[in-house]
Amino acid sequence: PPPAGTPAPPPQPGVLTVPGEASGAVLGGLHPWSCYRLQVLVFNGRGAGPPSAEIPFCTPEGGEGP
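The notes below deal with the structure included here. A quick note: this is a predicted structure, and the numbers were derived from the prediction, not measured. (Residues numbered from 1 in each chain as written. Predicted model: local features only at pLDDT ≥ 70, side-chain atom pairs only at ≥ 80, totals over all residues. Heavy atoms only, no water.)

The next point concerns the packing of aromatic side chains. In this description, an aromatic ring pair is defined by two values, namely the gap between the centres and the angle between the planes. Applying the stated criterion to the full structure yields 1 aromatic pair. On the basis of an interplanar angle of 25° and a centroid distance of 5.7 Å, the ring pair of Y36 and F57 is categorised as stacked. With Y36 in strand β1 (residues 35-38) and F57 in strand β4 (residues 55-58), this pair connects stretches of sequence that are 21 residues apart. According to the relative accessible area criterion, F57 is partly exposed, its value standing at 26%. (Phe/Tyr/Trp six-rings, centres within 6.5 Å; stacked < 30°, edge-to-face > 60°. Helix = DSSP H or I, 4+ residues; strand = E, 2+ residues; numbered from the N terminus. Buried < 20%, exposed > 50% of the residue type's maximum accessible area, 1.4 Å probe, protein only.)

See the structure below:
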């Protein structure tokens, strides 16, 4: 374990792959009252495109919604 008083490391980025025909996606496993940063990356048979600008968002207090 890290020494007392050492801040926790930032969480590792996750990946959610969504089919091209999808009109939306649901991110699971987010914690209430927490802030996140999201980037979108499009890829196809020719490779990956550049990532989008970061989209910051925060979850409300409480549990996951429907």
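Next comes the rest of the description.
A cluster of nonpolar side chains, contributed by L16, V18 and L27, occupies part of the molecular surface with about 240 Å² of accessible area. Position of L27 among the secondary structure elements: in the segment before β1. For L27, a relative accessible area of 38% translates into the label partly exposed. (Patch = residues over 30% accessible without salt bridge, like charges linked within 9 Å, V, L, I, M, F, W, Y side chains within 5 Å. Areas by Shrake-Rupley, 256 points an atom, 1.4 Å probe, with all protein chains shown as cover. Salt bridge = Lys/Arg side-chain N within 4 Å of Asp/Glu carboxyl O.)

Right, let's talk about the state of the cysteines for a bit. Under the criterion given, the structure shown has 1 disulfide. One disulfide in the model links C35 with C58; its S-S distance is 2.0 Å. Disulfide C35-C58: torsion about the S-S bond near 95°, hence right-handed. With C35 in strand β1 and C58 in strand β4, this residue pair connects regions lying 23 residues apart in the sequence. According to the relative accessible area criterion, C35 is exposed, its value standing at 58%. (Disulfide = S-S within 2.5 Å.)

Geometry only, nothing functional implied.
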